[in-house]
Amino acid sequence: MRINAPKGTQDILPEAAVIWQWIEENVRQVFFSYGFGEIRTPIFEQTQLFARGIGETTDIVEKEMYTFLDKGGRSMTLRPEGTASVVRSYLEHNLASRAGVTKLHYFGPMFRQEKPQAGRYRQFNQFGAEVLGEDSPLVDAEIIALATDIYRRMGLDNLEVRINSVGCTVCRSKFKEAIVEYLSPKSEELCESCRKRLEKNPLRILDCKSPVCKGLTDLAPGLEHFLCDECNSHFTDVKSLLDCLDLHYEVDSRLVRGLDYYTKTVFEVIYKDLGAQNAVCGGGRYDGLVQEVGGPPTPGIGFAAGVERLILTLEKQGKLPRINWGPQVYVSVLGESPQGTAFKLAQELRKRGIRTEMEMSSRSLKAQMKTADKLQVQLVIILGENEIARDIVLIRRMSDGEQRELALSEAVDVIQEELTGLY
Ligand code: HAM
């Protein structure tokens, strides 16, 4: 029986992998331009980290984590997101003692056992950034500007930025009281999940997609009315800083996000044409998280973006780059005796950075030319016994079939020149 990749995972084949590399290069350049160094944390962590960090009553922790006992009976979890790990590492390595604010970026696979659909996978990749140790609204605006710069750099447009403030624990507990009081008499009308949320995590009801729950919360007291002075003025400052940059955004008072660590500013970047899974990135402030995982009170903020959704957006907007990665030259070998010379020639070309493929099975010239054609090489170098005897090679330009002889000694230089001319 054939074994396929697990549901919700994908293989990234060579033609797609070059797009991933292009994305990674572009994203890193933007991160570096904002002063974010890279951090690489483990793919799995102690389960406790996510349970405490993300929140016991979130969908992620309740239903979606890949958790297992290791051979020592310890509970481990494949990371469902990057923020908790970055915070753990920040504390473990006392990064706070280094000069200035800690600014880190990451790139890598995350795991959530969700129901797979277009744009939603069980293993997906995120790039993200976290800033620790600064509570100024300037950082909130900087993080949002950074996220949007990445998309702009890739030539994307029509993306929407939605922002909101979920307040601090004080304003949120007042809001929770009010919404529970408002919704409790109507709890029978809520969907099953929201009925549970009403007890455990009422804020999440604002995020429910069910039209009935939406209708009920439309009329409920809004979170914005419960923000304390400090949270209110922080949010006002963030908005005016974004206005300063002419960065367009919409305030979405329903935006609460799916992780419990958020405080004050939250945001998402949406590309509507992606359908149900249209958030290309999301993030926000988490001023209580460092303490939650055992550190001193430390403000934090960050975002993460889905790479697969970015690729879907690039595809939809016709912005996927064409990247040449296949061989430029095919070294065709006729018979066995020219093999050594051909191999040496191929190695010389590779040393110069020319992408070179060589015939390995001494097939007929016709078969070799067919392969070269399929590989879409620009030049074929032909080496048979005749050529070896005369110290020459044949060079064929694939675009027009023109073929000529070259002295073996000057072949590498001429091929290099010819390829430069072809670009
Ligand atoms: P998140 O909203 O859960 O936030 O995920 C961020 C982004 O990852 C989403 O906007 C989406 O593009 C992508 N994503 C999430 N789940 C999936 C999935 N199952 N399949 C494909 N793509 C997915 C976080 O992860 C937070 N750690 C963000 C953050 C960083 N907040 C502060 N710092």
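Residues numbered from 1 in each chain as written. Predicted model: local features only at pLDDT ≥ 70, side-chain atom pairs only at ≥ 80, totals over all residues. Heavy atoms only, no water.

1. Overview of unusual backbone geometry
Phase 1 of the analysis: In this structure, Asn 94 is a non-glycine residue whose phi angle is positive, near 45°.
Phase 2 of the analysis: Following the sequence through the fold, Asn 94 ends up in the loop between helix 4 (83-92) and strand 5 (102-111).
Phase 3 of the analysis: For Asn 94, a relative accessible area of 45% gives the class partly exposed.
Phase 4 of the analysis: Although it is not a glycine, Ser 362 adopts a positive phi angle of roughly 45°.
Phase 5 of the analysis: Relative to the elements of secondary structure, Ser 362 occurs in the loop between strand 13 (356-358) and helix 13 (365-374). (Helix = DSSP H or I, 4+ residues; strand = E, 2+ residues; numbered from the N terminus. Buried < 20%, exposed > 50% of the residue type's maximum accessible area, 1.4 Å probe, protein only.)

2. Thoughts on the layout of surface pockets
Phase 1 of the analysis: When its volume is computed, the second largest pocket comes out at roughly 460 Å³.
Phase 2 of the analysis: Mapped onto the lining of the second largest pocket, the elements with two or more residues apiece are helix 2 (47-54), helix 6 (169-183), strand 9 (263-270) and helix 10 (289-292).
Phase 3 of the analysis: When residues of the lining of the second largest pocket are assigned to their parent elements, the largest contribution, three residues, is made by helix 6.
Phase 4 of the analysis: Grouping the constituent residues of the lining of the second largest pocket by class yields eight nonpolar, six polar and 10 charged. (1 Å grid on protein atoms, 1.4 Å probe; cavity = no way out; pocket = protein on both sides within 12 Å on 5 of 7 lines; lining within 4 Å. Points joined across faces, edges and corners; volume = space filled by probe spheres on them. Nonpolar A, V, L, I, M, F, W, Y, C, P; charged D, E, K, R; others polar.)

3. Looking at the side chain of Arg 28
Phase 1 of the analysis: Looking at the secondary structure, you find Arg 28 in helix 1 (residues 14-33).
Phase 2 of the analysis: Taking relative accessible area as the criterion, Arg 28 reaches 15% and is therefore assigned buried.
Phase 3 of the analysis: Ignoring any residue separated from it by four or fewer positions in sequence, one finds Arg 28 in contact with Glu 38, Arg 40, His 105 and Phe 107. (Contact = heavy atoms within 4.5 Å.)

4. Some words on the environment of Cys 208
Phase 1 of the analysis: Mapped onto the elements of the fold, Cys 208 is located in the loop between helix 7 (192-200) and helix 8 (211-218).
Phase 2 of the analysis: Separated by 17 residues in the primary sequence, Cys 208 and Cys 191 have C-alpha atoms spaced 8.9 Å apart.
Phase 3 of the analysis: Aside from chain neighbours lying at most four places away, what touches Cys 208 is Cys 191, Cys 194, Arg 197, Cys 213 and Lys 214.

5. Thoughts on the nonpolar core
Phase 1 of the analysis: Grouped together as the largest cluster of nonpolar side chains are 45 residues, with contacts concentrated most on Ile 54, Val 87, Leu 132, Leu 190 and Tyr 261.
Phase 2 of the analysis: Ignoring sequence-local partners within four residues, the contact set of Leu 190 consists of Arg 195, Leu 198, Ile 205, Cys 213 and Leu 216.
Phase 3 of the analysis: In this structure, Phe 127, Ala 147, Ala 305 and Leu 314 belong to the second largest nonpolar core, which totals 43 residues. (Core = buried A, V, L, I, M, F, W, Y, C linked by side-chain atoms within 4.5 Å.)

6. Details of the pattern of salt bridges
Phase 1 of the analysis: According to the stated counting rule, one finds 31 salt bridges in the structure shown.
Phase 2 of the analysis: In this structure, Asp 70 engages Arg 74 in a salt bridge whose closest nitrogen and oxygen atoms are separated by 3.0 Å.
Phase 3 of the analysis: Glu 359 is paired through a salt bridge with Arg 363; the nearest N and O atoms lie 3.0 Å apart.
Phase 4 of the analysis: Residue classification places Glu 359 among the buried residues on the basis of a relative accessible area of 1%.
Phase 5 of the analysis: Because the salt bridges share partners, they merge into one network encompassing Arg 397, Asp 400, Glu 402, Arg 404 and Glu 418. (Salt bridge = Lys/Arg side-chain N within 4 Å of Asp/Glu carboxyl O.)

7. So, the pairing of strand 10 (residues 279-285)
Phase 1 of the analysis: The buried fraction of strand 10 amounts to six of the seven residues, a majority that puts the element mostly inside the structure.
Phase 2 of the analysis: As paired elements, strand 9 and strand 10 share six bridges and run antiparallel to each other. What sits directly across from Phe 267, in strand 10, is Gly 283.
Phase 3 of the analysis: When strand 10 meets strand 11 (residues 300-306), the two strands line up antiparallel, connected through five bridges. Bridged to Gly 283 within strand 11 is Phe 303. (Pairing = 2+ DSSP bridges.)

8. Examining the sheet that holds strand 15 (residues 392-397)
Within a sheet, each strand pairs with its neighbour through backbone hydrogen bonds, oriented either parallel or antiparallel.
Phase 1 of the analysis: Sheet architecture is open: five strands sit in the order 13-12-14-15-16, paired in mixed fashion. Looking at strand neighbours, the two that pair on one side only are strand 13 and strand 16 (403-407), the edges of this open sheet. Neighbouring strand axes in the sheet, compared pairwise and without regard to direction, differ in orientation by 25° on average.
Phase 2 of the analysis: Bridge count for strand 12 (residues 329-333) against strand 14 (residues 379-383) is five bridges, and the pairing is parallel. Bridge pairing in strand 14 places Ser 332 opposite Ile 382.
Phase 3 of the analysis: Its contacts with the sheet put helix 12 (residues 339-351) on strand 12, strand 13, strand 14 and strand 15, and the angle it makes with strand 13 is roughly 165°. (Axes fitted to C-alpha atoms, helices over the stretch in contact; angles between N-to-C directions.)

9. Here we look at the packing of helix 1 against helix 5 (residues 137-153)
Phase 1 of the analysis: Interaxial distance between helix 1 and helix 5 falls to 10 Å at its minimum, and their mutual angle equals 140°. One element, helix 1, and the other, helix 5, form an angle in the oblique class. Considering only the axes of helix 1 and helix 5, their crossing is right-handed. Packed against helix 1, whose contacting residues are Asn 26, Val 27, Gln 29, Val 30 and Phe 31, the element helix 5 presents Leu 146, Asp 149, Ile 150 and Arg 153 at the interface. (Parallel < 35°, antiparallel > 145°, perpendicular 65-115°, else oblique. Left-handed = near helix turned anticlockwise from the far one by under 90°.)

10. A closer look at a nonpolar patch on the surface
Phase 1 of the analysis: A contiguous nonpolar patch, built from Ile 43, Phe 44 and Phe 68 and spanning about 250 Å² of accessible area, is present on the exposed surface.
Phase 2 of the analysis: Looking at the secondary structure, you find Ile 43 in the loop between strand 1 (37-38) and strand 2 (44-46). (Patch = residues over 30% accessible without salt bridge, like charges linked within 9 Å, V, L, I, M, F, W, Y side chains within 5 Å. Areas by Shrake-Rupley, 256 points an atom, 1.4 Å probe, with all protein chains shown as cover.)

11. Observations concerning the sheet that holds strand 10
Phase 1 of the analysis: If you trace the eight strands from one edge of the open sheet to the other, you get 1-5-6-11-10-9-7-8, paired in mixed fashion. Edge strands, defined here as strands with exactly one partner in the open sheet, are strand 1 and strand 8 (250-251).
Phase 2 of the analysis: Across the sheet, helix 1 lies against strand 1, strand 5, strand 6 (123-132) and strand 11, angled at about 160° from strand 5, the strand it touches most.
Phase 3 of the analysis: Contacting strand 5, strand 6, strand 10 and strand 11, helix 11 (residues 307-316) runs over the sheet at an angle of about 110° to strand 6.

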